[in-house]
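Structure at a glance
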Amino acid sequence: MKRSLVAICIAIALILGLSSAVFAAEPPKKPITPPQLKEITFIHYARPDTPGKPQPPPVDNTAYELLGLVLPGNVTYCVNPRGAPAGALAEIESAFETWDAVTGTELFNPASHTAISGFSYDAQNTISWVGIAPTSIIAMTSIWYWDDGNSTPLDAILEFDIVFNALLKWGIDPDDEGPLRLKNAYDVQNIATHEAGHVVGLADLYEDQYRELTMYGYSSKGETIKISLEQGDVAGTQYLYGGL
Ligand SMILES: [Ca+2]
Ligand SMILES: [Ca+2]
Ligand SMILES: [Ca+2]
Ligand SMILES: [Ca+2]
Ligand SMILES: [Zn+2]
């Protein structure tokens, strides 16, 4: 009788010991995701008509929002001039160098030509003109990045492609001060500066008070306001890559 009681006690002790061992071996609550390639696409729309809209809020030029992505620096990219207005390459280069100019980090190398167009993860950063429906879409940017699988805030941008909608009319404002001289076309540099902002690691801001920022999420024909960066655009860039 006594012996069997001892056996039961040992058995209970073993079960308790075993269950606590199983509990201790449980994986941590937060699952570890494997490192993987990811793609994010930004769609830039024409500013919607808002007839009868009340007075817009006061302008706030100080905001920015990070994507959580960062460029390695010294990035090379190519422009496909097919379907683009003459001189587009220089306008796009100016757009990228506008961001480069506000940080001591050398972000972008000079632009060169390519025959590649569209979106493709092919180790080439390309900018091209391709027809996109609907025509409320002005341009799109795809960014491929390496999600390292842990909670580090910034993942590395591996590649980007930008497409301008070839179904729309494009032009080059002669003095970057539109909109009077480019009434029915989108200015290449204006849109390119915004798209390059995504490549730098900045997100769209859609609220009305951010309408003067380069990273404001809508554009209009003849607009040139995005060519020059505002305080928030610069602050976001310098947060990521340092000041001058
Ligand atoms: Ca720089
Ligand atoms: Ca540069
Ligand atoms: Ca590509
Ligand atoms: Ca220009
Ligand atoms: Zn955008």
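Residues numbered from 1 in each chain as written. Chains lettered and ligands numbered in written order. Predicted model: local features only at pLDDT ≥ 70, side-chain atom pairs only at ≥ 80, totals over all residues. Heavy atoms only, no water.

**Quick word on the coordination of the zinc ion (ligand 5)**
For the zinc ion (ligand 5), the full set of protein donor atoms is H194 (NE2), H198 (NE2) and D204 (OD), and the range of their distances to it is 2.0 Å. Mapped onto the polypeptide sequence, the residues donating to the zinc ion (ligand 5) form the spacing pattern H-x3-H-x5-D. In terms of burial, H198 and D204 fall into one category: buried. (Donors = N, O, S within 2.8 Å, 3.2 Å for Na, K, Ca; no water. Buried < 20%, exposed > 50% of the residue type's maximum accessible area, 1.4 Å probe, protein only.)

**Re the layout of surface pockets**
One number sums up the size of the largest pocket: a volume of about 160 Å³. What lines the largest pocket is R47, R211, E212, Y216, Y218, S220, E223, I225 and K226. Per-class residue counts for the lining of the largest pocket are 3 nonpolar, 1 polar and 5 charged. (1 Å grid on protein atoms, 1.4 Å probe; cavity = no way out; pocket = protein on both sides within 12 Å on 5 of 7 lines; lining within 4 Å. Points joined across faces, edges and corners; volume = space filled by probe spheres on them. Nonpolar A, V, L, I, M, F, W, Y, C, P; charged D, E, K, R; others polar.)

**Quick word on the confidence of the model for the protein**
Mean pLDDT over the protein works out to 90, with 86% of the residues at or above the 70 mark. Throughout residues 13–22 the model reports pLDDT below 50, and contacts reaching past four residues in sequence, or to other chains, amount to 0 contacts. (pLDDT = per-residue confidence, 0-100. Contact = heavy atoms within 4.5 Å.)

**A few points about the coordination of the calcium ion (ligand 2)**
Six octahedral donors around a metal ideally subtend angles of 90 or 180 degrees, whereas four tetrahedral donors ideally subtend 109.5 degrees. For the calcium ion (ligand 2), the full set of protein donor atoms is E97 (OE), E97 (OE), D100 (OD), E106 (OE) and F108 (O), at a range of 2.2 to 2.5 Å. All donors of the calcium ion (ligand 2) come from a single chain, and their spacing in sequence reads E-x2-D-x5-E-x1-F. Here the calcium ion (ligand 2) and the calcium ion (ligand 1) are spaced 5.9 Å apart, linked through D100, which binds each one. Of this pair, E97 and D100 both sit in helix 2 (residues 88–100), 3 residues apart, roughly one helical turn. You can call E97 partly exposed: its relative accessible area is 28%. (Helix = DSSP H or I, 4+ residues; strand = E, 2+ residues; numbered from the N terminus.)

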